[in-house]
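As a plain string of letters, each chain reads:
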Amino acid sequence: MAEASPLYQTYMRAPLRFERGEGVWLTTETGERYLDFAAGIAVNSLGHAHPHLVEALKGQAEKLWHLSNLYDVPGQETLAKRLTEVTFADKVFFTNSGAEALECAIKTARRYQFTKGHPEKFHIITFEGAFHGRTLATIAAGGQEKYLEGFGPKTPGFDQVPFGDLDAVKAAITDATAGILIEPVQGEGGIRPATNEFMRALRTLCDEHDLLLILDEVQSGVGRTGKLFAHEWSGITPDIMAIAKGIGGGFPLGACLATDTAAYGMKAGTHGTTYGGNPLAMAVGNAVLDIILADGFLEHVRDVALVFRQGLAALKDRYPDVIEDIRGEGLMLGIKTRIPNTELVMAMRQEHLLAVSAGDNVIRLLPPLTTTAQEAREGLARIDRAAETLQIKSAKLAAQA
Ligand SMILES: Cc1ncc(COP(=O)(O)O)c(C=O)c1O
């Protein structure tokens, strides 16, 4: 009998053991190569083992690994300054993960209302299909029963409404509301972009009711959609924004960004972290920005995204029994399938292509932002073969029925 794993069995892991990566490719222990369009679920924004990131991490590792936030931590001021220069934000708090960035965002919003004399305003309006992390507050914010079940009472203060339903948002605003929290493009919910009109309407509602608009750009941020942040497509700015994933390029790093006004209540002692803003993370985060902020980088993302969009649209036409719809923005792409999405994920894996399933029967393609047009075409050819296999299978089943 196989020996039982000493790990928590919280993941249905694929039977693949990767040993190393380079760019968009991953190599298994046995030397098989896979095209990685999952990228650690939008984490490896610059692919695997990017030389500039490796150099930054090694360079910092030889100097200083860790320093308490009781001191100035090398790289924090620089990274925060760079982030504030290119966004709406005036202030940044660094974390190790997306969920922690969201916790900071929620706390910042509550604290804002508290500091204004409204401790009763602690409710945040969130959206069906959302995913904000796995801490007790963020599972309550996400509101998904499958993540809440068995973990005791749901953390209070989150009021959920259907995604994109402005009337429902209006109806949910009460004297206890502190803010509205939304992913501009729902990731795990199935690559569902909010419309620009909806984002603008939320901004207006927040202004009218003195609510804070909180964006979760953990997955959609840092160049993923072809703009530095997804909300830029709608022309609005939030008051608070949580980021993670792409900013660390594979090193655990998140951040909560806020305007001076929103962050006003976050005084000394109100919040903290041991590892957040660690020198190694700062070195890598700064190195990621060197590349993403370089001239022409986001243009490259948009160009490659176009190659994907055109290729996927053609596959949708060719395999109507398998592919129902193509959605998303930039390199945050979703394939909605007519068959169970896991079947197409498996068929892609057979073709040595990695993708991630999501809600609403969607498959996520989240390739590294450095993916070339040629690599995109190579991936599309593999999706083509995978979809063809399933189309043939579904035709056979239909013939038997
Ligand atoms: C939109 C969004 N928010 C928050 C999180 C949570 O991030 P983490 O897993 O780093 O805590 C994720 C992770 O998938 C995410 O996609």
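Note that the structure is predicted; figures quoted are calculated from it, not measured.

## With respect to the overall build of the protein
And step 1. For the protein, the helix and strand inventory stands at 12 helices and 17 strands.
And step 2. On C-alpha atoms alone, the protein measures out to a radius of gyration of 21 Å, which is about the 21 Å that the 2.2 N^0.38 rule sets for 401 residues.
And step 3. On the principal axes, the C-alpha backbone points of the protein span a range of 70 × 55 × 50 Å.
And step 4. Buried positions account for 52% of the 401 residues belonging to the protein.
And step 5. Look at the contacts in the protein between residues 6 or more apart in sequence, and 72% of them connect residues 24 or more apart.
And step 6. Accessible area of the protein: about 18,600 Å², with a carbon and sulfur share of 53%.
And step 7. If the 39 positive side-chain charges of the protein are averaged to one point and the 49 negative ones to another, these points end up 2 Å apart.

## Some remarks on the domain arrangement of the protein
And step 1. Partitioning the protein into domains gives domain 1 (18-47 + 320-400) and domain 2 (64-292).
And step 2. Taken together, the contacts link 24 residues of domain 1 with 24 residues of domain 2.
And step 3. Buried area between domain 1 and domain 2, both sides added, is near 1,800 Å², and the carbon and sulfur share of it is 63%.
And step 4. Area buried by domain 1 at its contact with domain 2 is led by Leu46, Glu329 and Met332, which between them contribute 34% of it.
And step 5. Our enumeration of links across domain 1 and domain 2 arrives at zero salt bridges.
And step 6. Between domain 1 and domain 2 we count eight residue pairs in polar contact (both at pLDDT 80 or more) in total.
And step 7. Partitioning the side of domain 1 that touches domain 2 into residue classes produces 13 nonpolar, seven polar and four charged.

## Points about the site of the ligand
And step 1. In the neighbourhood of the ligand, the contacting residues comprise Ser97, Gly98, Ala99, Phe131, His132, Gly133, Glu183, Asp216, Val218, Gln219 and Lys245.
And step 2. In this structure, an oxygen atom belonging to the ligand sits 2.8 Å away from a main-chain N or O atom of Ala99.
And step 3. Between the ligand and the protein, one listed contact pairs a nitrogen atom with a side-chain N or O atom of Asp216 at 2.7 Å.
And step 4. For the shell around the ligand, the class distribution of residues is three nonpolar, five polar and three charged.

## Here we look at the pattern of salt bridges
And step 1. Applying the stated criterion across every chain, the model contains 16 salt bridges.
And step 2. For Asp260, the salt bridge goes to Lys91, with nearest N and O atoms at 3.1 Å. Of this pair, Asp260 sits in the loop between β12 (254-258) and α9 (279-292) while Lys91 sits in strand β4 (residues 91-95), placing them 169 residues apart in sequence.
And step 3. When the shortest N-O distance is used, the salt bridge between Asp384 and Arg318 registers 2.5 Å. Here Asp384, found in helix α12 (residues 373-400), pairs with Arg318, found in helix α10 (residues 297-318); they are 66 residues apart in sequence, far enough to count as distant.

## As for the pairing of strand β7 (residues 177-182)
And step 1. The buried count for β7 comes to six of six residues, which makes it a mostly enclosed element.
And step 2. Summarising the sheet, strand β5 (residues 123-127) and β7 pair through three bridges and their orientation is parallel. Each bridged residue has a counterpart across the sheet, and for Ile125 the counterpart in β7 is Ile180.
And step 3. Judged from the four bridges that link them, β7 and strand β10 (residues 212-216) form a sheet pairing that is parallel. Bridged to Gly179 within β10 is Leu212.

## Remarks on the sheet that holds strand β2 (residues 25-28)
And step 1. With mixed pairing, four strands are arranged side by side in an open sheet as β1-β2-β3-β15. Lying at the two open borders of the sheet, with one neighbouring strand each, are β1 (18-22) and β15 (353-354).
And step 2. Across four bridges, β1 lies against β2 in antiparallel orientation. Its bridge partner being in β2, Arg20 is matched across the sheet by Thr27.

## Examining the layout of surface pockets
And step 1. In this structure, the second largest pocket spans a volume of roughly 780 Å³.
And step 2. If you go around the second largest pocket, you meet 28 residues; those closest to its centre are Gln76, Lys91, Val92, Phe93 and Met266.
And step 3. If you list the elements that add at least two residues to the lining of the second largest pocket, you get α3 (76-85), β4, α4 (98-115) and β12.
And step 4. Broken down by element, the residue count for the lining of the second largest pocket peaks at five residues, all from α3.
And step 5. Partitioned by chemical class, the residues of the lining of the second largest pocket number 12 nonpolar, 10 polar and six charged.

Thresholds applied
- Residues numbered from 1 in each chain as written.
- Predicted model: local features only at pLDDT ≥ 70, side-chain atom pairs only at ≥ 80, totals over all residues.
- Heavy atoms only, no water.
- Helix = DSSP H or I, 4+ residues; strand = E, 2+ residues; numbered from the N terminus.
- Rg over C-alpha atoms; globule rule 2.2 N^0.38 Å.
- Buried < 20%, exposed > 50% of the residue type's maximum accessible area, 1.4 Å probe, protein only.
- Contact = heavy atoms within 4.5 Å.
- Areas by Shrake-Rupley, 256 points an atom, 1.4 Å probe, with all protein chains shown as cover.
- Lys, Arg positive; Asp, Glu negative; His and termini not counted.
- Charge placed at Lys NZ, Arg CZ, Asp CG, Glu CD.
- Domains from an automatic or database assignment.
- Buried area = accessible area lost by both parts, 1.4 Å probe.
- Salt bridge = Lys/Arg side-chain N within 4 Å of Asp/Glu carboxyl O.
- Polar contact = N/O pair within 3.5 Å; in protein donor to acceptor, adjacent residues only side chain to side chain.
- Nonpolar A, V, L, I, M, F, W, Y, C, P; charged D, E, K, R; others polar.
- Near = heavy atom within 4 Å.
- Pairing = 2+ DSSP bridges.
- 1 Å grid on protein atoms, 1.4 Å probe; cavity = no way out; pocket = protein on both sides within 12 Å on 5 of 7 lines; lining within 4 Å.
- Points joined across faces, edges and corners; volume = space filled by probe spheres on them.

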